[in-house]
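Here is what each chain is made of, one letter per residue.
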Amino acid sequence: MQLQNSSILPEQASNFAGGVDALTLYILGTSLFFALLVVVLVVIFSLKYRRKKQTEIGVPVHGSVPLEIVWTLIPLVLAMVMFAWGAVIYMDFRRAPSDTLDVYVIGKQWMWKLQHTDGRREINELHVPVGRNVKLIMASEDVIHDFSIPNFRIKMDVVPGRYTTLWFRATKTGRYHFYCSQYCGTSHALMTGWVTVMEPAEYAAWLSGGAQDANPAGAGEKLFTQYSCNTCHLPTGKGRGPSLVGLYGSKVKLADGTTVQADDAYVRESILSPKAKIVAGYQPLMPSFQGLVTEEQVLSLTAYIKSLQAPAPASEAPAEAPHMGKK
Ligand code: HEC
Ligand SMILES: [Cu+2]
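Structure report, in brief. These numbers come from a predicted model, not from an experiment.

Looking at the overall build of the protein chain
Phase 1 of the analysis: A count of helices and strands for the protein chain gives eight helices and 12 strands.
Phase 2 of the analysis: What you see for the protein chain is a C-alpha radius of gyration of 28 Å, clearly larger than the 20 Å of a compact globule of 327 residues, by over 25%.
Phase 3 of the analysis: Taken along the three principal axes of its C-alpha coordinates, the protein chain extends 110 × 50 × 35 Å.
Phase 4 of the analysis: Relative to its full complement of 327 residues, the protein chain shows a buried share of 37%.
Phase 5 of the analysis: Of the accessible surface of the protein chain, which amounts to about 18,600 Å², a share of 64% is contributed by carbon and sulfur atoms.
Phase 6 of the analysis: In the protein chain, 30 positive and 26 negative side-chain charges are present, and the distance between their average locations comes to 7 Å.

A few points about the packing of aromatic side chains
Phase 1 of the analysis: A complete count under the given rule lists 13 aromatic pairs for this structure.
Phase 2 of the analysis: Ring geometry for Phe152 against Phe168: centres 4.9 Å apart, planes inclined by 45°, an arrangement best described as tilted. Of the two residues, Phe152 sits in the loop between strand 6 (145–149) and strand 7 (154–158) while Phe168 sits in strand 8 (residues 164–169), which places them 16 residues apart along the sequence.
Phase 3 of the analysis: Among the residues examined, Phe152 registers a relative accessible area of 0% and is labelled buried.
Phase 4 of the analysis: An angle of 55° between the planes, with centres 5.1 Å apart, marks the rings of Phe224 and Tyr304 as tilted. One end of the pair, Phe224, is in helix 4 (residues 216–226); the other, Tyr304, is in helix 7 (residues 295–307), and 80 residues separate them in sequence.
Phase 5 of the analysis: A relative accessible area of 7% means that Phe224 is categorised as buried.

Side note on helix 1 (residues 17–48)
Phase 1 of the analysis: The end-to-end C-alpha distance of helix 1, which contains 32 residues, comes to 46 Å, matching closely the 46 Å that a straight helix rising 1.5 Å per residue would cover.
Phase 2 of the analysis: For helix 1, the complete set of buried residues consists of Ala17, Asp21, Ala22, Leu23, Tyr26 and Thr30.
Phase 3 of the analysis: In this structure, the buried residues of helix 1 make contact with helix 2 (65–94).

Some thoughts on the coordination of the iron atom of ligand 1
Phase 1 of the analysis: With distances of 2.0 to 2.1 Å, the protein atoms coordinating the iron atom of ligand 1 are His233 (NE2) and Met286 (SD).
Phase 2 of the analysis: Considering all six donor atoms around the iron atom of ligand 1, the spread of angles at the metal, 88 to 178°, places the coordination shape in the octahedral class. Highlighted residues: His233 in the loop between helix 5 (229–232) and strand 11 (251–253) and Met286 in the loop between helix 6 (264–272) and helix 7, separated in sequence by 53 residues.
Phase 3 of the analysis: Of the residues examined, Met286 reaches a relative accessible area of 24% and is grouped as partly exposed.

Let's talk about the pairing of strand 1 (residues 101–108)
Phase 1 of the analysis: Taking burial as the measure, the eight residues of strand 1 include seven buried ones, the bulk of the element.
Phase 2 of the analysis: Where strand 1 lies against strand 5 (residues 133–140), seven bridges are found, and the strand directions are parallel. Note on strand 5: the bridge partner recorded for Ile106 is Ala139.
Phase 3 of the analysis: Direction of pairing for strand 1 relative to strand 2 (residues 111–116): antiparallel, over a ladder of six bridges. Its bridge partner lying in strand 2, Tyr104 is registered against Gln115.

Remarks on unusual backbone geometry
Phase 1 of the analysis: Residue Gln109 is joined to Trp110 through a cis peptide bond whose omega torsion reads -5°.
Phase 2 of the analysis: Tracing the backbone through its elements, the reader meets Trp110 in the loop between strand 1 and strand 2.
Phase 3 of the analysis: Backbone geometry at Arg153 places phi at a positive 60°, although glycine is not the residue there.
Phase 4 of the analysis: When you line up the elements, Arg153 lands in the loop between strand 6 and strand 7.
Phase 5 of the analysis: Judged by relative accessible area, Arg153 falls into the buried class, the value being 15%.
Phase 6 of the analysis: For Ser228, which is not a glycine, the phi torsion comes out positive at approximately 60°.
Phase 7 of the analysis: Note on placement: Ser228 falls in the loop between helix 4 and helix 5.

Section: the sheet that holds strand 3 (residues 121–123)
Phase 1 of the analysis: With mixed pairing, the five strands of this open sheet are ordered in space as 3-2-1-5-8. Every interior strand has two partners, whereas the edge strands, strand 3 and strand 8, have only one. If you compare each strand with its neighbour and ignore which way they point, the axes differ by 25° on average.
Phase 2 of the analysis: Two elements, strand 5 and strand 8, share six bridges in a ladder whose sense is antiparallel. Bridge pairing in strand 8 places Met138 opposite Thr164.

What to know about a nonpolar patch on the surface
Phase 1 of the analysis: A cluster of nonpolar side chains, namely Phe33, Phe34, Leu37, Val40, Leu41, Ile44, Phe45, Tyr49, Leu67, Val70, Trp71 and Ile74, defines an oily patch on the protein surface of about 1,100 Å² accessible area.
Phase 2 of the analysis: Within the secondary structure layout, Val70 lies in helix 2.
Phase 3 of the analysis: Judged by its relative accessible area of 44%, Val70 is partly exposed.

So, the side chain of Ser148
Phase 1 of the analysis: Along the chain, Ser148 turns up in strand 6.
Phase 2 of the analysis: The exposure class of Ser148 is buried, given its relative accessible area of 8%.
Phase 3 of the analysis: In contact with Ser148, other than residues within four places in its own chain, are Ile154, Lys155, His177, Phe178, Tyr179 and Ser181.

Rules used throughout
Residues numbered from 1 in each chain as written. Chains lettered and ligands numbered in written order. Predicted model: local features only at pLDDT ≥ 70, side-chain atom pairs only at ≥ 80, totals over all residues. Heavy atoms only, no water. Helix = DSSP H or I, 4+ residues; strand = E, 2+ residues; numbered from the N terminus. Rg over C-alpha atoms; globule rule 2.2 N^0.38 Å. Buried < 20%, exposed > 50% of the residue type's maximum accessible area, 1.4 Å probe, protein only. Areas by Shrake-Rupley, 256 points an atom, 1.4 Å probe, with all protein chains shown as cover. Lys, Arg positive; Asp, Glu negative; His and termini not counted. Charge placed at Lys NZ, Arg CZ, Asp CG, Glu CD. Phe/Tyr/Trp six-rings, centres within 6.5 Å; stacked < 30°, edge-to-face > 60°. Expected span 1.5 Å × (residues − 1). Contact = heavy atoms within 4.5 Å. Donors = N, O, S within 2.8 Å, 3.2 Å for Na, K, Ca; no water. Tetrahedral: all angles 85-135°; square planar, octahedral: opposite > 155°, others 65-115°. Pairing = 2+ DSSP bridges. Axes fitted to C-alpha atoms, helices over the stretch in contact; angles between N-to-C directions. Patch = residues over 30% accessible without salt bridge, like charges linked within 9 Å, V, L, I, M, F, W, Y side chains within 5 Å. Salt bridge = Lys/Arg side-chain N within 4 Å of Asp/Glu carboxyl O.

Encoded structure:
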């Protein structure tokens, strides 16, 4: 608001900034008003009603029901506005729209690794188009970090062992600082970077400039063989594990009768703690890859599993044959 160009609040650059600032000012304003009111009245009354003669005796206080009601209701209304307004902003913040551009973020001591869905990678830099909904899917390789972009008025913990998400729509082109805002060790203060918000055309040009970057599905396919996933997960579905073709985005029936949506979090959990959810009709014999694969490798494996949407390509069948023979 008016404070945005002073040094008190950083420039607003996302869909959340206006609402967060307005609510902050409302809470700050209400608190200041009542703090001042109380202090000023304490001073005035202590002068006005002080004992002026040695013999003076205080008048007994009888109380007043209307007064009690007034000073209960007014603060109640003011506080409920804080709560309701905050809840509206929070729900918007927690519920990402469905049309987001997804970017993976991995925090590790002491850097941020980012990966766009087409494979373009960045370190301590994030390029996004202006006016587009962006969702960050974040994981930590070690301790708790926190991804925070003050100009966007958003932050979210990045926790080992699970994905957390953060979404925003940048409203202004420019370069904005981001920080790790959870103390995470010696070089925590250096764990920062820049978000570059670009015009869509500029962004498209930037994205296509990264042709040499590894494609994550390809990297995932190599890992899939390297970790012998392919010995159990045959594309035919005849292996010891279910076929992963068409898995991503589908609904999976579990042994306990419930169903889950096969999203990033489900695939990640299936790899790191396979016993957490057992697919109906299968034995819990998949080994855990916790500690063997890094979060980055999980992303590559997920990208590969995502790419398995069509019926298994013919070229994969012969590659599978030697493993089938051994088992
Ligand atoms: C020893 C055989 C075996 C190996 C090796 C194995 N898996 Fe599995 N996997 C299974 C079985 C059995 C299931 C089904 C039971 C369950 O949910 O744990 C499964 C389930 C899964 C699921 C959930 C599938 C679904 O339909 O919901 C995913 C994803 C998965 N595995 C990925 C992998 C990846 C990636 C690797 C390699 C890093 C791997 N698996 C290695 C046997 C294996
Ligand atoms: Cu950190």
